[in-house]
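One letter stands for each residue in the lines below.
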Amino acid sequence: MNGNRVTVRRALVGDALSAHTVLLTAKDEIPLAPNFTSADHQKWVRDWCRERQVWLAHVDGSLAGIMVMHVTEVRYLVTLATYRRRGVGRTLIRHAVAMVARRYRCGVKAKTRPENSPIVTLLTAEGFTPHPVLAAQHGWLVYSVGKVD
Ligand SMILES: CC(C)(COP(=O)(O)OP(=O)(O)OC[C@H]1O[C@@H](n2cnc3c(N)ncnc32)[C@H](O)[C@@H]1OP(=O)(O)O)[C@@H](O)C(=O)NCCC(=O)NCCS
């Protein structure tokens, strides 16, 4: 990692459009609905922001990545292509682990495809392991760290 300063804050409803845009940049890498640009999907992202499930990472003040949580599970983690390998994803994952431990007193889950080596490498480096009970479904693996259901 270089010396860029990564900061994390919770997204507000007013950040929904930016959050939606960052997710969309990874449409070829993560499972987004083909009509993710639709008003319905934009509203979902707004709702996630309202429900305090969205976190934004900035590098030196510029938006660089996003994490969408569903309670104790990381639903989406995306770093803008130009900010990759600068510690943005790692910072967001560490934020999720600390936030979930504080808020829910348990560990964190993240579903991924085993062939997605950037996220698998990142999760493994942060202590996540394939969940022993939650079985692979439709080619997905559940990684977890800490005590999860
Ligand atoms: C996965 C993703 C979020 C990682 O974000 P990032 O900000 O580039 O990750 P970081 O810079 O914090 O990387 C931390 C560590 O993860 C691992 N890692 C990250 N990207 C990697 C890659 N392309 N290849 C191998 N290891 C990688 C490395 O161990 C890295 O540490 P290092 O740079 O010191 O070697 C990013 O690649 C991405 O947005 N991918 C597309 C969306 C996606 O697939 N999201 C996951 C499922 S929702």
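Below is a short write-up of the structure. (Residues numbered from 1 in each chain as written. Predicted model: local features only at pLDDT ≥ 70, side-chain atom pairs only at ≥ 80, totals over all residues.)

**Some words on the sheet that holds strand 5 (residues 108–112)**
- Spatially, the 7 strands line up as an open sheet ordered 1-2-3-4-5-7-6, and their pairing is mixed. Both outer strands of the open sheet, strand 1 (6–10) and strand 6 (129–130), are each paired with one neighbouring strand and no more.
- The pairing of strand 4 (residues 73–79) with strand 5 spans 2 bridges and is classified as parallel. Following the sheet pairing, V74 is matched in strand 5 by A110.
- Strands strand 1, strand 2 (54–59), strand 3 (62–70), strand 4, strand 5 and strand 7 (141–145) of the sheet are contacted by helix 3 (residues 88–104), whose axis makes an angle of about 40 degrees with strand 3. (Pairing = 2+ DSSP bridges. Helix = DSSP H or I, 4+ residues; strand = E, 2+ residues; numbered from the N terminus. Contact = placed C-beta atoms within 7 Å. Axes fitted to C-alpha atoms, helices over the stretch in contact; angles between N-to-C directions.)

**Some words on the site of the ligand**
- Taken together, 24 residues lie around the ligand, and T79, R84, G89, R90 and L122 are the ones closest in.
- Ranked by residues supplied to the shell around the ligand, first place goes to helix 4 (residues 117–125) with 6 residues.
- By residue class, the composition of the shell around the ligand is 11 nonpolar, 8 polar and 5 charged. (Near = placed C-beta within 6 Å. Nonpolar A, V, L, I, M, F, W, Y, C, P; charged D, E, K, R; others polar.)

**Re helix 2 (residues 39–50)**
- Along its 12 residues, helix 2 runs 16 Å from first to last C-alpha, staying within 8% of the 16 Å computed at 1.5 Å per residue.
- When we look at burial in helix 2, the residues that qualify are V45, W48 and C49. One side of helix 2 carries all its buried residues, which in axial view fall inside an arc of 105 degrees. The outward face of helix 2, more than 90 degrees from its buried face, is lined by the exposed residues A39, D40 and K43.
- Where helix 2 is buried, its residues contact helix 1 (16–25), strand 2 and strand 3. (Expected span 1.5 Å × (residues − 1). Buried ≥ 20, exposed ≤ 12 C-beta atoms within 10 Å, placed from the backbone. Arc of directions from axis to C-beta.)

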